[in-house]
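# Overview (structure and organization)
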Amino acid sequence: MLDLKFIRENPDAVKDNCRKKHTDPDKIDTILELDTQRRAIIIEVEELKNRRNTVSQEVAQRKKAGEDAEDLIVQTREVGDRIKALDDQLRDVDSALTDVMLWIPNMAHESVPVGEDANDNVEVRRHGVCAEKGTNVDHLQIAAGLGILDFERGSKVTGAGFGFYVGKGARLERALINFFLDTNTTARGYREIMPPMVANADSMRGTAQLPKSAEDMYYMEKDELYLIPTAEVPITNYHRDDMLSVDALPIKFAGYSACFRREAGSYGKDTRGFLRVHQFNKVELVKFTTPETSYDELELLVSDVEHLLQQLGLTYRVLSLCTGDMTFGGSKTYDLEVWSPGEQRWLEVSSCTNFEDFQARRSNIRFKPDPKAKPQFVHTLNGSGLATSRIMVALLETYQNSDGSVSIPECLVPYTGFEVITAQN
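Read on for a plain summary of the structure. (Residues numbered from 1 in each chain as written. Predicted model: local features only at pLDDT ≥ 70, side-chain atom pairs only at ≥ 80, totals over all residues. Heavy atoms only, no water.)

## Re the sheet that holds strand β12 (residues 332-340)
On the basis of which strands lie adjacent, the open sheet formed by eight strands has the order β1-β11-β12-β13-β16-β10-β9-β4 and mixed pairing. Edge positions in the sheet fall to β1 (122-127) and β4 (191-192), since each of these pairs with one other strand and no more. Note that strand β11 (residues 316-320) and β12 share five bridges and pair antiparallel. Each residue of the ladder has a partner; that of L319, found in β12, is D335. Packing of helix α7 (residues 168-187) onto the sheet brings it into contact with β4, β9 (251-260), β10 (279-289) and β16 (379-387), and relative to β10 it is tilted by some 10°. Strands β1, β10, β11, β12, β13 (345-354) and β16 of the sheet are contacted by helix α10 (residues 294-312), whose axis makes an angle of about 5° with β16. (Pairing = 2+ DSSP bridges. Helix = DSSP H or I, 4+ residues; strand = E, 2+ residues; numbered from the N terminus. Contact = heavy atoms within 4.5 Å. Axes fitted to C-alpha atoms, helices over the stretch in contact; angles between N-to-C directions.)

Structure (C-alpha cells):
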C-alpha cells in the first residue's frame, strides 16, 4: 500500500505510474475525494470536542454558582450526538478509503524500464549457450520414455494442470528441493523456515495477493482460508505487526512449500506438461531489510538464484522487467529464465522483487533505526530460489542423452543417489 500522504502530494506521478502498470488511474481521484472528506470530518470532530469541553466547564461553573445550566447540558448532549455521528461517518470513509487504496499498485523504481509488456523487458546478462533442438525432444516425451512423470493420471485423479512424479522422477524432484534449501541456508546465509500451506485473508492482503489476484487463488469458503500461491505469503506475514530490531536486519528466510494457482487468467497460454501447472513445488527466498540497503539486497538476491542455476549447469538469462510487465506490488523485478532446448525458448524460473515498504505498510512490519527514532517500515524482498517445475523441464531437455536416458547434474547426485535415469530404472 502506498502512503496516503505521498498520494496526496504526488497525484499526477501516482496516476502516471498506474497507467504504466495498466491500472485505472481514476481511482486516485476517488482517494483524494475520500481523503478530503476524512480530513474535514476530523477537523469538525476536534472543533466539537473543544466546544464540548468549553461548555462542560461552563456547566460546572454555573452549578457551582447555583445557577441553572440545563440549556448548556442540552448543548453538550447535542454536541456529543454530533460527534458520535461523525465518528460513524469517519469509520465508513476510512473503510472506503482503505478499500480503494488496496487497488493502487506500488510505484516503479526510477531504474525500471518503461514498457507495455514482456516484449519491452531488458536483458541484463546471460550465462551459457542456447543449445539447438537437434535430436532433443521435449520434456513430456522424455518423461514418458523414462516413466517418471504422469500427467494423464494426474488429470484423472485431480484435473488438468496436475501431475504425478513417479520413481526416479519423484526422487529427482525431492533432490531439487533439498539442494535448493541446503545451498541457500548453508552457502548463502538464509535461515530455513517451513510455513503453513494455507493462509487467511489478512495475510493475503498483507502481501498484495488480495484483492488484486483473488480469482487466481483456491479459496476454502468454509474455513475462510486460501491455499497459498507462493510461500512468500506466510513467510512475509511471519513478521506481520512486529517491530524488528535494526541489529537483526537483514532477516533472510528460505522456505519450501507446494504452491497452488488457479491461473484463471491464463486461458490460451501454453499449458503442456510443466510449462503451466496448478500445483508445483518451490523454495522461496524472503528478505526484510532497511530502506537504505534494499536495492543492494535485491542484487544479492539475484546472485543467490544465479548461483543455483550455475551449479545446475543450465543456460539462463536475467531480465529487468518493464513497468507494464511488473507485478502489482513490485518496485523493481528481475526475472531469471532458463533455456529450454526442447521448446527452443526461455522459461521463467524465478522472479526477484523489491517491494520497498509496500507490503510492510500493509502488514505493519516496522523497525527503529535507533531506540529514540520514530518507527519506519522495513523493505521486503522475495524471489524463487527456485521453483522446480520448469527447472525439471530444462534439466530433462538439457541432460538428455542420445539413448533417451537423462544424466543427473553433479550437484544433485548426492541427493538422488544415482547419476542417470534410464528407461529400465
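On we go.
## A look at the pattern of salt bridges
Evaluation of the coordinates by the stated rule reveals 23 salt bridges. Residue E306 pairs with R125 through a salt bridge whose shortest N-O separation is 2.6 Å. Linking E306 in helix α10 with R125 in strand β1, this pair joins segments that are 181 residues apart in sequence. A single network of salt bridges, built from pairs that share partners, joins E123, R126, R317 and E337. (Salt bridge = Lys/Arg side-chain N within 4 Å of Asp/Glu carboxyl O.)

## Describing the pairing of β16
Of all the nine residues making up β16, nine are buried; the element is thus mostly covered by neighbouring parts of the structure. Direction of pairing for β10 relative to β16: antiparallel, over a ladder of seven bridges. When the bridges of β16 are listed, F288 appears paired with T380. Sheet analysis places β13 next to β16, joined by two bridges and oriented antiparallel. Bridged to N354 within β16 is L381. (Buried < 20%, exposed > 50% of the residue type's maximum accessible area, 1.4 Å probe, protein only.)

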